Amino acid sequence: MKNADGRRQTADSRMQKADAGKCTLRYTSGFAAAQCGKALPFRQRPIFLARLRLAPRGIASALIKTLRKGVAFPHCAAAKPLALTISILLIAGIASAQQPGNPTTQSGVTRPRGIFAITNARIVTVSGPEIENGTIVIRDGKIEAVGTSVTVPAGARTIDARGLSVYPGMIDAGTAMGLVEVGQGASGTVDTAEVGELNPNAKAIIAVNPHSAHIGVTRVDGVTSAMSLPVGGLISGQGALINLVGTSPAEMAVVPYAALVINYPRTSAGGGSPFFNELPQTILTEALAAANRQVEQIRKFLREAEAYGRAQDAYAKDKALPRPAQNVVLEAMVPYVRGQRPVIFRADRETDMRGAIRFAEEMKLKPIILGGDDAGKIVGLLKEKNVPVILTGILDLPIREDDFYDTLYENAAKLQQAGVRFAISSGDSGPNVRNLPYYAGMAAAFGLPKAEALKAVTLYPAQIMNVADRLGSIEVGKMANLVVTDGDLLETRTHVRHLFIDGREVPLTSRHTELNDAFKNRR
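Residues numbered from 1 in each chain as written. Predicted model: local features only at pLDDT ≥ 70, side-chain atom pairs only at ≥ 80, totals over all residues. Heavy atoms only, no water.

### Topic: empty space enclosed by the protein
No. 1: Tallied over the entire structure, the rule returns two cavities of 30 Å³ or more.
No. 2: Estimated volume of the largest cavity: approximately 60 Å³.
No. 3: Counted by class, the lining of the largest cavity contains four nonpolar, six polar and two charged residues.
No. 4: What the second largest cavity holds in volume is close to 40 Å³.
No. 5: As for the second largest cavity, its lining consists of Thr110, Asn243, Val245, Gly246, Glu251, Asp502 and Arg504.
No. 6: Looking at the lining of the second largest cavity residue by residue, the classes come out as one nonpolar, three polar and three charged. (1 Å grid on protein atoms, 1.4 Å probe; cavity = no way out; pocket = protein on both sides within 12 Å on 5 of 7 lines; lining within 4 Å. Points joined across faces, edges and corners; volume = space filled by probe spheres on them. Nonpolar A, V, L, I, M, F, W, Y, C, P; charged D, E, K, R; others polar.)

Quick look at the structure:
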């Protein structure tokens, strides 16, 4: 054994001497090949591996040569079989990474509009009577014809919807769709707010991510459009009404600058919580004073915007006047202080909503209340001032511990009975906007007529956002945002069978269906 060990050591030393002349430090495509018998330093390994993973096709062959020379292996000759294996895997990895996948389902390509005919369907127009065994013709992104005696045009793709129902696509008017991907733990995917308190020039349409996974997940449940609203500060910015299809914000935009968002300062502390009821009066007084200061800050800012708009108009009429300095922040406010576009006030409590309505009347704004948990308590004021409400808390728990359990479930029914304009929203940033039909379904289970519940997620939000001439119902000339289902749109057991947005047939795939397909056969 001793002689055998000696011979083995002698052979090893001869191999090292023979390889010593072959394995010198080489530079290939920017990579330094390590000397034989010396592993890469620990600090260099991550850099080397990262470069290896990111190596483009052009230097793949050079990397293979480097590997064959025994990079990071103790013996060059012994490393060749393993290096060859790694080379093959590297080539395969680069080749697979370059495959475009199924070109018919690429998220970077918007499907073209076409000519479609949906026949033999039950058509729920929303704005009129239902049509049994009817036909809808879609051309160039719009509804061309609706009825029972419609002729299918030549060349149209026909969808036999016998036993199915056609609804207008739902609209959620209170989301942050496309602005948030992972709300916690991935701050780089969150773009909902800007620094500072007054940001009317912040535009949600600029930040919308058209490739968000939430978009696909939402639309396959029948939600075809959404208001994407910024958050934060006193004036958050301008919300955008978007269709949930497209490869860029511009393609998705229905109304790019649809409304200004103001977070009305809370003048009430704590609602019905016993903790806040026991706070000293001085603390409550300070909280009220702080809220009043914030309201005054907003008022002053709006006055400045009015003055800025008048100065710009004066200069436009008379160039002899001194030219006013450009101010992008104040300029963004001008259409809103003039009442040309609506202003969304985020408010839930009765006191806050009353304050927001008074403030809007004073400043001559067009207000919309977003939230409205206590809206059922001020239906008279809302009706009198013709202020619409976008309800977001239908499925929430009561805001006060002594409220009835169904206080928020019944909120929509109370507004409808009082003749207040309203819509139902999920109020979600993105992942749960898909549950919008169930918000309406819950309201229908607690007193809201079924037809009104459907309108609350289709026609009514379109009317509130001033796009009822394009969205919200099935009528000739309107945008072809249509959902074909095998049951009631607001039922959880219903499945969407066909989907059209902007006259484009949208595949019923999403992150959820992809994960299901990937793991459904797992054992």
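### Some details on unusual backbone geometry
No. 1: Here Asn120, not a glycine, exhibits a phi torsion of approximately 55 degrees, which is positive.
No. 2: For Asn120, the location among the structural elements is in strand S3 (residues 115-123).
No. 3: A positive phi angle is found at Val126, which is not glycine, with a value near 75 degrees.
No. 4: Considering the arrangement of structural elements, one finds Val126 in the loop between S3 and strand S4 (131-139).
No. 5: Here Val126 falls in the buried class, since its relative accessible area comes to 9%. (Helix = DSSP H or I, 4+ residues; strand = E, 2+ residues; numbered from the N terminus. Buried < 20%, exposed > 50% of the residue type's maximum accessible area, 1.4 Å probe, protein only.)

### Here we look at the packing of aromatic side chains
Each aromatic ring pair is specified by the distance between its two centres and by the angle formed by the two planes.
No. 1: Under the counting rule described, the total for this entry stands at eight aromatic pairs.
No. 2: Here Tyr264 and Phe345 contribute two aromatic rings whose centre-to-centre distance is 6.3 Å and whose plane-to-plane angle is 65 degrees, an arrangement assigned as edge-to-face. Of this pair, Tyr264 sits in the loop between strand S11 (253-263) and helix H8 (274-277) while Phe345 sits in strand S12 (residues 343-347), placing them 81 residues apart in sequence. Each of the two residues, Tyr264 as well as Phe345, counts as buried.
No. 3: Each member of the aromatic cluster is reached from another via a ring pair, and the members are Tyr264, Phe345 and Phe359. (Phe/Tyr/Trp six-rings, centres within 6.5 Å; stacked < 30°, edge-to-face > 60°.)

### Some points on the layout of surface pockets
No. 1: Approximately 290 Å³ is the volume found for the second largest pocket.
No. 2: If you go around the second largest pocket, you meet 18 residues; those closest to its centre are Val220, Asp221, Thr494, His495 and Val496.
No. 3: If you list the elements that add at least two residues to the lining of the second largest pocket, you get helix H14 (436-445), strand S17 (496-501) and helix H17 (511-519).
No. 4: Residues that form the lining of the second largest pocket fall into these classes: seven nonpolar, seven polar and four charged.

### Re the environment of Thr135
No. 1: Tracing the backbone through its elements, the reader meets Thr135 in strand S4.
No. 2: Given a relative accessible area of 9%, Thr135 falls into the buried group.
No. 3: As for Thr135 and Val152, which are separated by 17 residues in sequence, their C-alpha atoms are 8.2 Å apart.
No. 4: Sequence-distant contacts of Thr135, that is, excluding residues within four places in its chain, are made with Ile118, Thr119, Asn120, Ile123, Ala145, Val146, Gly147 and Val150. (Contact = heavy atoms within 4.5 Å.)

### Some points on the side chain of Glu452
No. 1: In this structure, Glu452 sits in helix H15 (residues 450-455).
No. 2: With residues up to four places along the chain from it excluded, the contact list for Glu452 reads Gln416 and Tyr460.

### Comments concerning the pattern of salt bridges
No. 1: Taken as a whole and judged by the stated rule, the model has 21 salt bridges.
No. 2: Its salt-bridge partner being Arg113, residue Asp502 comes within 2.7 Å of it at the nearest N-O pair. Of this pair, Asp502 sits in the loop between S17 and strand S18 (504-505) while Arg113 sits in the loop between helix H4 (76-97) and S3, placing them 389 residues apart in sequence.
No. 3: What makes Arg113 partly exposed here is its relative accessible area of 42%.
No. 4: Note that Glu362 is salt-bridged to Arg303, the shortest N-O span being 3.7 Å. Taken together, the positions of Glu362 in helix H11 (residues 350-363) and Arg303 in helix H9 (residues 281-317) put the pair 59 residues apart, joining distant regions of the chain.
No. 5: Residue classification places Arg303 among the partly exposed residues on the basis of a relative accessible area of 38%.
No. 6: Each of Glu296, Arg299, Arg303, Glu306 and Glu362 takes part in a single network of salt bridges with overlapping partners. (Salt bridge = Lys/Arg side-chain N within 4 Å of Asp/Glu carboxyl O.)

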